[in-house]
Amino acid sequence: MASVVETSDFHSGMKIKWQDGIWEILDCQHHKMGRGGAIVRTKLKNLDTGAIIENSFRSGERFERVTFDDKPAQFLYQDGENYVFMDLGNYDQIYIPKDILGNAVSFLKDNLEVVLNMHEGRVVGVELPKSVELKVVDTSPGYKGDTVSGGGKPATVETGLVLTVPMFIEVGDVIVVDTRTGEYIERAKS
């Protein structure tokens, strides 16, 4: 039997069946109205078409939660618009288009182990580790007197992602980045 979920249980990253498609909840906010019932405002992405819409649901509405077959894989390399992964179970290579991976491409580096979300025999998404270590390839130099808490500066990492880092980070440093938010966590331990 399929798992049923109510709007009060929505959270970012959850996938549901709605309007004859599979939708990923990108963002949701629960709002309690003064006299009426609560509503849930959501930002949804259609995993088939890539379309992103905003929609509000009444509290208590029920949806079928989509469950996936998870397949451990390792990122190998980029081949044009496709990203090539190796299935860690049978060592087959899997080619996945950039539009299916979405923002995950900003964190993919060689040999990174991920989990591919499979639904009815096709890849519909990828689960990254909570954080990854990436090398800084471009940032402005730090100056004497810059402190840890004194603001930040933009930095570009090896995957092309641009994020804000503390002033003491320099080119060549390896930093830990949160894959859920794309934010700097700390300098990697050597």
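Remember, it's a predicted structure, so these values are computed and weren't measured experimentally.

(A) Local environment of the overall build of the protein chain. From N to C terminus, the protein chain includes one helix and 16 strands. Expressed as a percentage of its 190 residues, the buried residues of the protein chain come to 37%. Considering only contacts within the protein chain whose residues lie at least 6 apart along the sequence, 40% involve residues at least 24 apart. Of the roughly 11,300 Å² that the protein chain leaves accessible, carbon and sulfur atoms contribute 46%. Distance between charge centres in the protein chain, computed from 21 positive and 29 negative side chains, equals 7 Å.

(B) Region of the structure containing the packing of aromatic side chains. Per the counting criterion, the structure on display carries seven aromatic pairs. Pairing phenylalanine 10 with phenylalanine 63 gives two aromatic rings, centres 5.7 Å apart and planes at 40 degrees, and the pair type is tilted. Taken together, the positions of phenylalanine 10 in the loop between strand 1 (3-6) and strand 2 (15-18) and phenylalanine 63 in strand 6 (residues 62-65) put the pair 53 residues apart, joining distant regions of the chain. Residue phenylalanine 10 is classed as buried on the basis of its relative accessible area of 4%. In this structure phenylalanine 63 comes out as buried when scored by relative accessible area, which is 8%. Where tryptophan 18 meets phenylalanine 57, the ring centres are 5.3 Å apart and the plane angle is 75 degrees; that geometry is what we call edge-to-face. In this pair, tryptophan 18 sits in strand 2 while phenylalanine 57 sits in strand 5 (residues 52-58), placing the two residues 39 residues apart along the sequence.

(C) Inspection of the pattern of salt bridges at higher detail. Inspection of every chain in the model, using the stated rule, returns six salt bridges. One salt bridge in this structure joins arginine 62 and glutamate 6, with 3.3 Å as the shortest N-O distance. Here glutamate 6 lies in strand 1 and arginine 62 lies in strand 6, a separation of 56 residues in the sequence. The shortest N-O distance in the salt bridge between lysine 71 and aspartate 87 comes to 3.4 Å. Pair noted here: lysine 71 is in strand 7 (residues 69-79) and aspartate 87 is in strand 8 (residues 82-87), with a separation of 16 residues, a long-range link. Judged by relative accessible area, which is 6%, aspartate 87 ranks as buried.

(D) Representation of the nonpolar core in the model. Counting 29 residues, the largest nonpolar core has Phe85, Leu101, Leu108, Val114, Leu116, Leu163 and Ile175 as its most contacted members. Apart from residues lying up to four places away in sequence, leucine 108 is in contact with Phe75, Tyr83, Phe85, Leu101, Val114, Leu128 and Thr159. Core analysis: the next-biggest nonpolar cluster, separate from the first, contains 12 residues, Phe10, Ile25, Leu44 and Phe57 among them.

(E) Geometry of unusual backbone geometry. One non-glycine residue, glutamine 19, lies in the positive phi region at around 50 degrees. Position of glutamine 19 relative to the elements: it lies in the loop between strand 2 and strand 3 (21-31). The phi dihedral of glutamate 120 falls on the positive side, at around 55 degrees, and the residue is not glycine. As for its position among the elements, glutamate 120 is in the loop between strand 10 (113-119) and strand 11 (122-127).

(F) Layout of the sheet that holds strand 1. Across the sheet, which stays open at both edges, the six strands sit in the order 1-6-2-3-4-5 with antiparallel pairing between neighbours. Where the open sheet ends on each side, the last strands, each with one partner, are strand 1 and strand 5. Going across the sheet, the axis of each strand differs from the next one's by a mean of 45 degrees, ignoring polarity. In terms of strand pairing, strand 3 meets strand 4 (residues 39-46) through eight bridges, oriented antiparallel. Paired with histidine 30 across the two strands is valine 40, which belongs to strand 4.

(G) Quick look at the side chain of aspartate 173. Of note, aspartate 173 is situated in the loop between strand 14 (162-165) and strand 15 (174-178). At 2.9 Å, the side chain of aspartate 173 and the backbone nitrogen of glutamate 170 are in polar contact. In this view, aspartate 173 contacts Leu134, Lys135, Val136, Phe168 and Arg187; residues no more than four positions away in its chain are not counted.

Conventions and cut-offs
Residues numbered from 1 in each chain as written. Predicted model: local features only at pLDDT ≥ 70, side-chain atom pairs only at ≥ 80, totals over all residues. Heavy atoms only, no water. Helix = DSSP H or I, 4+ residues; strand = E, 2+ residues; numbered from the N terminus. Buried < 20%, exposed > 50% of the residue type's maximum accessible area, 1.4 Å probe, protein only. Contact = heavy atoms within 4.5 Å. Areas by Shrake-Rupley, 256 points an atom, 1.4 Å probe, with all protein chains shown as cover. Lys, Arg positive; Asp, Glu negative; His and termini not counted. Charge placed at Lys NZ, Arg CZ, Asp CG, Glu CD. Phe/Tyr/Trp six-rings, centres within 6.5 Å; stacked < 30°, edge-to-face > 60°. Salt bridge = Lys/Arg side-chain N within 4 Å of Asp/Glu carboxyl O. Core = buried A, V, L, I, M, F, W, Y, C linked by side-chain atoms within 4.5 Å. Pairing = 2+ DSSP bridges. Axes fitted to C-alpha atoms, helices over the stretch in contact; angles between N-to-C directions. Polar contact = N/O pair within 3.5 Å; in protein donor to acceptor, adjacent residues only side chain to side chain.

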